[in-house]
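Structural overview for review
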Amino acid sequence: MGKPRASGDVRTGALASGSGGATAPLLPRNDRKADAKVQGGSLFMVLLSTAVAVCGAFEFGTCVGYSAPTQSGIERELGLSMAEFAIFGSVLTIGAMIGAVTSGRLADSLGRKMTMRIAAIICVFGWLSIHFAKGATMLYFGRTLLGFCTGVLSYVVPVFIAEIAPKDLRGGLATSNQLLIVCGSSTTYITGALVTWRNLVLVGIVPSVLLLVGLLFIPESPRWLAQAGREEEFHASLQRLRGENADISEEAIEIKEYIESLQSFPRARIQDLFLSRNIYAVIVGVGLMIFQQLGGINGVGFYASFIFSSAGFSGKLGTILIGIVQIPITLLGAFLMDRSGRRVLLMVSASGTFLGCFLAGISFYLKAHGLFLEWVPALALSGILV
């Protein structure tokens, strides 16, 4: 589920400066040996902090992927109708909208770590609500809580990663967020075909617990600490991330100057989006997000097992295949992003999405009219995998 994050990213400068990762780190150029030592010493804490944060991305993926392999089990055990299960699948997006709206304010006022901690705790309660559910109400409540968490995590995780990463690693580490989202959904698809829907809850609880525990051992975002005016903690956090022997003076000055420059700008208003100098970028950005959602990928993801079964193909096997296909394709996209350009990838992806939807639609059209029925399962499978 794509969420608009422009305002928060502009305020923090987190994503705007980390698209390509081609800029050299802000360390003295005349000391290459010290540079290598610092990089080796600091890399562990940066990687550990990123690994902890992407537990939130993995959690996001498990929330999105949970409904697909569990539909038949939940409907059978709890006696839910198709319409009731459709509500269960869809309320995730309602919670996500609430989480997305509040995520920026939470992250700016409480800090990146505390925001992730709150989201992880709410996630645990959401999963437990689903695990112990005896009817639709508890399912809806738990799923809405999970949606709120995905909305929050979809914002704060990539912002935190971008703010702690050195410039030369920022682009690569930022792609780990999307990769772990896909890994989470793929793990849920595959595991859900093998275990009951109540046991599948454990796949969602584990990353939440790992996130909660891991946050105890990593520093807060130095950029947020500087923005909050916590000077001593800011320097301590930056020192931990860059290495005990690293000279952080230049980077610390750069961060503080950048934050001061942001604070000197006039406060942006909603009306500013509609000014002539901004409207083209707004239309393109918002249009991409809207059409991505209207393309139907969430509908396919939420109800993949039922779609496969309706087409005469094994629902369990279909969801397993989706899980297997997603990860290598995401890796390929991350590899090509800086080499082929965003626009080319968007055009190829949009064309592929159209082809996949067309094939899946044709399969059900043929089934409804009793034509070429032997082709229906293969067309549906091909369309969804595309």
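Everything numeric here is computed off the predicted structure, so don't read it as measured data.

The rules behind the values
Residues numbered from 1 in each chain as written. Predicted model: local features only at pLDDT ≥ 70, side-chain atom pairs only at ≥ 80, totals over all residues. Heavy atoms only, no water. Helix = DSSP H or I, 4+ residues; strand = E, 2+ residues; numbered from the N terminus. Buried < 20%, exposed > 50% of the residue type's maximum accessible area, 1.4 Å probe, protein only. Contact = heavy atoms within 4.5 Å. Areas by Shrake-Rupley, 256 points an atom, 1.4 Å probe, with all protein chains shown as cover. Phe/Tyr/Trp six-rings, centres within 6.5 Å; stacked < 30°, edge-to-face > 60°. Lys NZ or Arg CZ within 6 Å of the ring centre and 35° of its normal. UniProt positions renumbered as here; feature names shortened; annotations may be inferred. Expected span 1.5 Å × (residues − 1). Arc of directions from axis to C-beta. Core = buried A, V, L, I, M, F, W, Y, C linked by side-chain atoms within 4.5 Å. Polar contact = N/O pair within 3.5 Å; in protein donor to acceptor, adjacent residues only side chain to side chain. Salt bridge = Lys/Arg side-chain N within 4 Å of Asp/Glu carboxyl O. pLDDT = per-residue confidence, 0-100. Axes fitted to C-alpha atoms, helices over the stretch in contact; angles between N-to-C directions. Parallel < 35°, antiparallel > 145°, perpendicular 65-115°, else oblique. Left-handed = near helix turned anticlockwise from the far one by under 90°.

Looking only at helices and strands, one finds 17 helices and zero strands in the protein chain. In the protein chain, which comprises 386 residues, the share counted as buried stands at 45%. Considering only residue pairs separated by 6 or more positions, the protein chain has 76% of its internal contacts joining residues 24 or more positions apart. Carbon and sulfur atoms make up 69% of the accessible area of the protein chain, which totals about 19,400 Å².

Moving on to the packing of aromatic side chains. Across all of its chains, the model carries seven aromatic pairs by this definition. Ring geometry for Phe-302 and Tyr-303: centres 6.2 Å apart, planes at 85°, overall edge-to-face. Each member of the aromatic cluster is reached from another via a ring pair, and the members are Tyr-66, Phe-85, Phe-88, Trp-127, Phe-302 and Tyr-303. In this structure, Arg-143 is placed above the aromatic ring of Phe-88, and the distance from its NZ or CZ to the ring centre is 5.2 Å.

The next subject is the UniProt feature "transmembrane region" (unreviewed entry) in the protein chain. Mapped onto this structure's residue numbering, the UniProt feature "transmembrane region" (unreviewed entry) falls at residues 42-68, 80-102, 114-133, 145-165, 201-218, 279-305, 317-337 and 344-366. Between the C-alpha atoms that bound residues 201-218 the distance is 27 Å, and the span itself is 78% helix and 0% strand. Between the first and last C-alpha atoms of residues 317-337 the distance is 30 Å; the span itself is 100% helix and 0% strand.

Our focus in this paragraph is helix 10 (residues 231-242). For helix 10, with twelve residues, the first-to-last C-alpha span of 17 Å sits near the 16 Å given by 1.5 Å per residue. Here helix 10 has its buried residues at Phe-234, Ser-237, Leu-238, Leu-241 and Arg-242. Along the axis of helix 10, the buried positions cluster into a sector of 120°, meaning they face one direction only. Taken from the residues just after helix 10, Gly-243 is the one with a positive phi, measuring 110°.

If you look at the biggest cluster of nonpolar residues, it comprises 54 residues, and the most contacted ones within it are Tyr-66, Ile-74, Met-116, Ile-130 and Leu-139. Counting residues per element, this core draws most heavily on helix 6 (residues 136-164), which supplies 15 residues. Contact partners of Tyr-66, with chain neighbours within four places excluded, come to Ile-74, Phe-88, Trp-127, Ile-130, Arg-143, Thr-188, Trp-197, Leu-200 and Val-201.

Moving on: the environment of Ala-133. Inspection of the secondary structure puts Ala-133 in the loop between helix 5 (112-131) and helix 6. For Ala-133, a relative accessible area of 0% translates into the label buried. As for Ala-133 and Arg-198, which are separated by 65 residues in sequence, their C-alpha atoms are 9.1 Å apart. Setting aside residues up to four positions removed in sequence, Ala-133 forms contacts with Leu-78, Met-138, Leu-139, Trp-197 and Arg-198.

Relative to the helices and strands, Ser-154 resides in helix 6. You can call Ser-154 buried: its relative accessible area is 4%. Of the polar contacts made by the side chain of Ser-154, one reaches the backbone oxygen of Gly-151; its length is 2.9 Å.

With that settled, consider the environment of Ile-329. For Ile-329, the position within the fold is in helix 15 (residues 315-340). A relative accessible area of 51% means that Ile-329 is categorised as exposed. Distance from Ile-329 to Leu-179, taken between C-alpha atoms, is 9.7 Å for residues 150 residues apart in sequence.

Glancing now at helix 16 (residues 342-368). The α-helix winds at 3.6 residues per turn, so residues separated by three or four positions along the chain end up facing the same way. Helix length check: helix 16 (27 residues) gives 39 Å between terminal C-alpha atoms against 39 Å at 1.5 Å per residue, within 8%. Within helix 16, burial applies to Leu-345, Gly-352, Gly-356, Ala-360, Ser-363 and Leu-366. With its phi angle positive at about 65°, Gly-370 sits one or two positions after the end of helix 16.

Applying the stated criterion across every chain yields a total of eight salt bridges. For the salt bridge of Arg-112 with Asp-108, the shortest nitrogen-to-oxygen distance reads 3.0 Å. By relative accessible area, Arg-112 is classed as buried at 0%. For Asp-108, a relative accessible area of 25% puts it in the partly exposed group. When the shortest N-O distance is used, the salt bridge between Lys-167 and Glu-254 registers 3.0 Å. Of this pair, Lys-167 sits in helix 7 (residues 167-192) while Glu-254 sits in helix 11 (residues 249-264), placing them 87 residues apart in sequence. Salt bridges sharing partners connect three or more residues here, namely Asp-108, Arg-112 and Glu-163.

The predicted coordinates should not be examined in detail at positions where pLDDT is low. Overall, the predicted model of the protein chain reaches an average pLDDT of 85, with 89% of residues at or above 70. Low pLDDT (under 50) marks residues 2-41, which in the prediction has 67 contacts with non-local residues, meaning those over four places away or in another chain.

Looking now at the side chain of Ser-129. Inspection of the secondary structure puts Ser-129 in helix 5. Residues contacting Ser-129, with those up to four places away along its chain left out, are Met-138, Phe-141 and Gly-142.

Time to look at the packing of helix 5 against helix 6. Contact pair helix 5 / helix 6: the axes reach a minimum separation of 8 Å and the direction vectors enclose 155°. Accordingly, the angle class assigned to the pair helix 5 and helix 6 is roughly antiparallel. Of the two elements, helix 5 crosses helix 6, and the hand of that crossing is left-handed.

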